[in-house]
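Below are the chains, spelled out letter by letter.
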Amino acid sequence: AAGGTGTGASAATTTLAPKAGGTLTVGTFSETPSLDPLTNVGTGVTGGMELAALYDVLVSYDTATGKYSPRLAQSLTPNADQSVWTLKLRPNITFTDGTPYDAAAVVYNLQRTIDKKGRSLGLISAMKSFDTPDSTTVVITMTGPNATVPFALASAPGMIASPTAIKAQGDNFGVNPVGAGAGPFVFSSFKPKEAVTLTKNPKYWGGDVYLDSVKFVNITGQQQNLDALKTGTLQVAFLRDGAVLASAKDAGFSGLEAAQSAGNTIVMNNGVKVTCTGGQPAPVCTGQADGASVPTKTATSD
């Protein structure tokens, strides 16, 4: 990522007081097709920024401590073998539609991801059952010992939307989540192929929100993103091309950097054995007796 304007962006830390107001325009790595956590994995460069701004998150990973810290959760604690996790919510939190951010809402979202096989289903598929002993407590029983619950609740499954808003919008929810969040920003507009715009939540549980709005746009091309930074069209961009990133540094831009694996995986079809019935599947079973086990022939079967 790179941000700022010119050489003034070189300082990573500052003692200056934050200023209220203004719009931050962010160049995303990929276009967000939907603001429904059900259809999103919730990672930073594939919709996670937008979703976290709108819904906040139950817990988040603290890079300074190396631990998961509560956000809309007040605590998240396991039993001795991590097969049962107890989630306590902050009291008196509401979604921007005025409905309660409570245990029932959390269970509704988690069960919805399971029932509808959401994009992040793999993160919570080991959640066997949910109990709500009171309005701020969710007891999650796993299929067995499981240490991944904090990670899951720091991702899309932990971005809880108002059940009332989900039901009201139906199939349109992903592009019009009005009143659905409890995050620092509220939904303003979703224009496919153009921008997602969110405005400040004046009742945010976490305190004052300094920006008036944040806008997420997708500009094709790494050099085009850097050019947009230089002209001020963007204040933040995600850069991954080495040459463009070097140019950004030469221009005085700074930001967070993370090394990524350059490895790739090639999956080869080595062939499988099929059982023939009535000469099918053809052509490998043509002329073969019923019940014959025949290996398929592929270009990479050797």
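Let me sum up the structure you'll find in this document. (Residues numbered from 1 in each chain as written. Predicted model: local features only at pLDDT ≥ 70, side-chain atom pairs only at ≥ 80, totals over all residues. Heavy atoms only, no water.)

Considerations on the packing of helix H6 (residues 222-231) against helix H7 (residues 242-250)
Geometry of a packed helix pair, given as the angle between the helix axes and the separation of the axes.
And step 1. Between H6 and H7, the shortest axis-to-axis distance is 9 Å and the interhelical angle comes to 15°. By the angle class used here, H6 and H7 are roughly parallel. In this structure, H6 meets H7 at a crossing whose hand is right-handed. Along its contact with H6, which presents Gln 222, Gln 223 and Leu 226, the element H7 presents Val 244, Ser 247 and Ala 248.
And step 2. Here the residues of the contact of H6 with H7 sort into three nonpolar, three polar and no charged. (Axes fitted to C-alpha atoms, helices over the stretch in contact; angles between N-to-C directions. Helix = DSSP H or I, 4+ residues; strand = E, 2+ residues; numbered from the N terminus. Parallel < 35°, antiparallel > 145°, perpendicular 65-115°, else oblique. Left-handed = near helix turned anticlockwise from the far one by under 90°. Contact = heavy atoms within 4.5 Å. Nonpolar A, V, L, I, M, F, W, Y, C, P; charged D, E, K, R; others polar.)

Some remarks on a nonpolar patch on the surface
And step 1. Where nonpolar side chains cluster on the molecular surface, the patch consists of Tyr 61, Tyr 68 and Phe 151 and spans about 320 Å² of accessible area.
And step 2. Looking at the element boundaries, Tyr 68 is found in strand E4 (residues 67-70).
And step 3. Taking the relative accessible area as the measure of exposure, Tyr 68 reaches 35% and is therefore partly exposed. (Patch = residues over 30% accessible without salt bridge, like charges linked within 9 Å, V, L, I, M, F, W, Y side chains within 5 Å. Areas by Shrake-Rupley, 256 points an atom, 1.4 Å probe, with all protein chains shown as cover. Salt bridge = Lys/Arg side-chain N within 4 Å of Asp/Glu carboxyl O. Buried < 20%, exposed > 50% of the residue type's maximum accessible area, 1.4 Å probe, protein only.)

Comments concerning the environment of Leu 38
And step 1. Residue placement: Leu 38 occurs in the loop between strand E2 (23-27) and helix H1 (44-55).
And step 2. Residues Leu 38 and Val 186 lie 148 residues apart in sequence; the distance between their C-alpha atoms is 18 Å.
And step 3. Discounting residues that sit within four places of it in the chain, Leu 38 has contacts with Arg 112, Thr 113, Lys 116, Gly 118 and Arg 119.

Here's the deal with the pattern of salt bridges
And step 1. Overall, the coordinates contain four salt bridges when judged by the stated rule.
And step 2. Between Glu 31 and Lys 193 there is a salt bridge, with its nearest N and O atoms 3.5 Å apart. Residue Glu 31 is found in the loop between E2 and H1, and its partner Lys 193 is found in the loop between strand E9 (185-191) and strand E10 (195-200); the two are separated by 162 residues along the sequence.
And step 3. Take Glu 31: its relative accessible area is 32%, and that puts it in the partly exposed class.
And step 4. Across the pair Asp 56 and Arg 71 runs a salt bridge whose closest N-O atoms are separated by 2.7 Å. In this pair, Asp 56 is assigned in the loop between H1 and strand E3 (59-62) and Arg 71 in the loop between E4 and strand E5 (73-78), connecting sequence segments 15 residues apart.

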